[in-house]
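Letter by letter, the chains look like this.
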Amino acid sequence: MNRYELNKNLAQMLKGGVIMDVTTPEQAKIAEEAGACAVMALERIPADIRAAGGVSRMSDPKMIREIQNAVSIPVMAKVRIGHFVEAQILQAIEIDYIDESEVLSPADDKFHIDKTKFDVPFVCGAKDLGEALRRIAEGASMIRTKGEPGTGDIVQAVRHMRMINRQMRELQNMREDELFHAAKELEVPYDLVKFVHQNGKLPVVNFAAGGVATPADAALMMQLGAEGVFVGSGIFKSGNPARRAQAIVKAVTNYNDAKLIAELSEGLGEAMVGINEQEIELLMAERGK
Amino acid sequence: MIGVLALQGGFIEHINALRKLGVPSFEIRQKADLINKDIKGLIFPGGESTVIGKLLCELELFDPLDRLIKSGIPVFGTCAGLILLAKKIVNDDSVYFEAIDIAAKRNAFGRQLGSFHTTGDFADLKNVEMTFIRAPYIEQAASDVKVLSKINEHIVAAMQRNVLVTAFHPELTNDLRVHEFFIKNL
């Protein structure tokens, strides 16, 4: 069995879990104790990246190492789209998962990283099925929606999840002789189109990401078909991070139990201040297609 | 029916393996799931042991499951499931069910780059498919624990009374023989 299979397997073990953005070893510990199934180590959370502007890059490897030493759960970190040297660095420090992420400033406005050249796994964002399958063809072993980071607004993640699922249903319903044209339209390899046609799902795990701020947001994404949830700014930009993190973890496990989610939603303190998509100038989801 | 703990991780893979063997199963996500069920066995899947362990307590599932394990029904834990069933976790004071007299070492083969696939002997079975994902191994086992499999001198599968554990994930392969082994011992 090859590394790609093992890397898809790790994503399978993350299913039903919550991956949390953290910027310090202390936050990583809070996240682990609150029930995060993995942490994303980054220097600034998306809301602050958005506020600060400028170029944002891969985090300091020293800081990532400190987080690796602080927790037993998998540690992920972000590289800029197309920046394969940042990815080589993260592989050298034995990161568990690389997020080739639109949250950072793109390093390449045309090409993504050839992820088949790496031993460590990659997760990539996708707004639609074409993007998802292109990233998988490039070697991504996990996909996530590209909900607008740092906004606390769930609308884009919902749009992406619905879009990917609708396009998969469309492929499933096609005659086999229509799949060649579908591959052309989606700008993706035929064998991946055929896989979706036969299985009705992506060949890798698909998480929700971007704009998740409440237990209800997390459960909404799970009911829409996400297999797990990334929470970025939503936790450490809120009034009571540990409490909110725990509530989101439980909401993801029991996403169909409205009574429980009602209890979990009580008295969580202030959610992060949201920004509507119409109010922002920079749509990060438009980076890397 | 076999109850598969479905709080986080690779539980659907176990349910699919059981289905292929024609064994009915159900998901355990909360206390209510245990009511009015004829529970013949339990599976603790892979995932993150810290997450599953925490949710077990907070969803008040720990005590009822602990009673079921102590009642002697067959229990099977893979990877994180092994950690949850171990009597001791190396370099960690926390323990969960303490159902099998072993000391388990978390992430014993390293981070994701240390994950691997191999084939090995398991009990009387030859060339069993074994996928290790950030896997633990068993550093020590009491004398009455039956060692079922070793890889590179490390114990990766063991059994004591009604409890079976594997550090690897048979549910991630097409090899159903370890699940069959568990079912036969029901």
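Summary of the structure given here. Because the structure is a prediction, the values reported are computed rather than measured.

**Let's talk about the overall build of chain B**
In terms of helices and strands, chain B carries five helices and twelve strands. In terms of overall size, chain B behaves like a compact globule, its C-alpha atoms giving a radius of gyration of 15 Å where 186 residues would be expected to give roughly 16 Å. Dimensions along the principal axes, computed over C-alpha positions, put chain B at roughly 45 × 40 × 35 Å. Long-range contacts, defined here as pairs at least 24 residues apart, represent 63% of the contacts in chain B between residues at least 6 apart. About 7300 Å² of surface is accessible on chain B, with carbon and sulfur atoms providing 46% of the total. Separation between the mean location of the 21 positive side-chain charges and that of the 22 negative ones in chain B comes to 1 Å.

**Quick notes on the overall build of chain A**
Broken down by element type, chain A carries 13 helices and eight strands. In summary, chain A has a C-alpha radius of gyration of 18 Å against a globular reference of 19 Å for 289 residues, a match within 12%. Projecting the C-alpha coordinates of chain A onto the three principal axes gives extents of approximately 55 × 45 × 40 Å. Sorting the 289 residues of chain A into buried and exposed places 61% on the buried side. Counting every atom, chain A has about 11500 Å² of accessible surface; 48% of that belongs to carbon and sulfur. Charge separation in chain A, taken as the distance between the mean sites of 34 positive and 41 negative side-chain charges, equals 1 Å.

**Topic: unusual backbone geometry**
Residue and element names in this part refer to chain B. Even without being glycine, E98 reaches a positive phi, approximately 50°. Looking at E98, the relative accessible area reads 42%, which means it is partly exposed. In this structure, A123 is a non-glycine residue whose phi angle is positive, near 50°. Mapped onto the elements of the fold, A123 is located in the loop between β7 (116–122) and β8 (125–132).

**Some details on the pattern of salt bridges**
Taken as a whole, this structure holds 28 salt bridges over all chains when the rule is applied. Its salt-bridge partner being K127 of chain A, residue E131 of chain A comes within 2.6 Å of it at the nearest N-O pair. The same class applies to E131 of chain A as to K127 of chain A, namely buried. Ionic pairing is found between D121 of chain B and K126 of chain B, a salt bridge with its closest N-O pair at 3.6 Å. Residues participating in the shared-partner salt-bridge network are K78, D99, E102 and R144 of chain A.

**Describing the sheet that holds strand β7 (residues 205–207) of chain A**
All names here are of chain A. The strand order across the open sheet formed by eight strands is β7-β6-β5-β4-β3-β2-β1-β8, and the pairing between neighbours is parallel. Since the sheet does not close on itself, it has two edges, and those belong to β7 and β8 (229–231), each with one partner. This sheet shows a mean twist of 30° between the axes of neighbouring strands, independent of strand direction. In terms of strand pairing, strand β2 (residues 38–41) meets strand β3 (residues 75–80) through three bridges, oriented parallel. Bridge pairing in β3 places V39 opposite V75. Contacts from helix α6 (residues 129–137) reach β5 (122–126) and β6 (142–145), with the element oriented near 160° to β5.

**Focus on the interface of chain A and chain B**
Opposite the 37 residues of chain A that make contact, chain B presents 33 residues. Taking both partners together, chain A and chain B bury about 2900 Å²; carbon and sulfur atoms supply 55% of that area. Ranking the residues of chain A by area buried against chain B places M13, S72 and T253 of chain A at the top, with a combined share of 22%. Taken together, chain A and chain B are joined by three salt bridges. The closest approach of N and O atoms between K15 of chain A and E13 of chain B, which form a salt bridge, is 2.5 Å. Counting across the interface, chain A meets chain B through 22 residue pairs in polar contact (both at pLDDT 80 or more). Those elements that place two or more of their residues in the side of chain A that touches chain B are α1 (3–14), α2 (25–34), α4 (61–70) and α12 (241–253) of chain A. In terms of residue class, the side of chain A that touches chain B is built from 15 nonpolar, 13 polar and nine charged.

**Details of the environment of R50 of chain A**
Residues and elements named next belong to chain A. Relative to the elements of secondary structure, R50 occurs in helix α3 (residues 46–52). The class of R50 is buried, set by a relative accessible area of 16%. Sequence separation between R50 and P149 is 99 residues, and the spatial gap between their C-alpha atoms is 8.4 Å. The residues contacting R50, other than those within four sequence positions of it, are E148, P149, G150, T151, I275, I280, L282 and M284. In this structure the side chain of R50 is engaged in a polar contact, spanning 2.8 Å, whose partner is the side chain of E148.

**Here's the deal with the pairing of β6 of chain A**
All names here are of chain A. Side chains M142 and R144 project from β6 onto one buried face, and the interleaved I143 and T145 project onto a second face that is buried too. Where β5 meets β6, four bridges bridge the pair, whose relative direction is parallel. Bridging from a neighbouring strand, A126 pairs with T145 of β6. Taken together, β5, α6 and β6 constitute a β-α-β crossover, and its handedness is right-handed. Where β6 lies against β7, three bridges are found, and the strand directions are parallel. Looking across to β7, one finds that M142 is bridged to V205.

**Thoughts on the packing of α12 of chain A against helix α2 (residues 49–58) of chain B**
Direction vectors running N to C along α12 of chain A and α2 of chain B enclose 90°, while the axes themselves pass 11 Å from each other. Between α12 of chain A and α2 of chain B, the crossing angle belongs to the class labelled roughly perpendicular. For the pair α12 of chain A and α2 of chain B, the contacting residues are Q246, V249, K250 and T253 of chain A in the first and V51, K54, L55 and E58 of chain B in the second. Within the contact of α12 of chain A with α2 of chain B, the residues separate by chemical class into three nonpolar, two polar and three charged.

**Examining the pairing of strand β1 (residues 2–5) of chain B**
All names here are of chain B. Residues I2 and V4 line one face of β1 and the alternating positions G3 and L5 line the opposite face, and both faces are buried. Sheet topology note: the β1/strand β3 (residues 41–44) ladder contains three bridges and is parallel. Looking across to β3, one finds that G3 is bridged to L42. Read as a crossover between parallel neighbours, the route from β1 over helix α1 (residues 11–20) to strand β2 (residues 25–28) is right-handed.

About the thresholds
Residues numbered from 1 in each chain as written. Chains lettered and ligands numbered in written order. Predicted model: local features only at pLDDT ≥ 70, side-chain atom pairs only at ≥ 80, totals over all residues. Heavy atoms only, no water. Helix = DSSP H or I, 4+ residues; strand = E, 2+ residues; numbered from the N terminus. Rg over C-alpha atoms; globule rule 2.2 N^0.38 Å. Contact = heavy atoms within 4.5 Å. Areas by Shrake-Rupley, 256 points an atom, 1.4 Å probe, with all protein chains shown as cover. Lys, Arg positive; Asp, Glu negative; His and termini not counted. Charge placed at Lys NZ, Arg CZ, Asp CG, Glu CD. Buried < 20%, exposed > 50% of the residue type's maximum accessible area, 1.4 Å probe, protein only. Salt bridge = Lys/Arg side-chain N within 4 Å of Asp/Glu carboxyl O. Pairing = 2+ DSSP bridges. Axes fitted to C-alpha atoms, helices over the stretch in contact; angles between N-to-C directions. Buried area = accessible area lost by both parts, 1.4 Å probe. Polar contact = N/O pair within 3.5 Å; in protein donor to acceptor, adjacent residues only side chain to side chain. Nonpolar A, V, L, I, M, F, W, Y, C, P; charged D, E, K, R; others polar. Right-handed = clockwise from strand over helix to strand, strands pointing away. Parallel < 35°, antiparallel > 145°, perpendicular 65-115°, else oblique.

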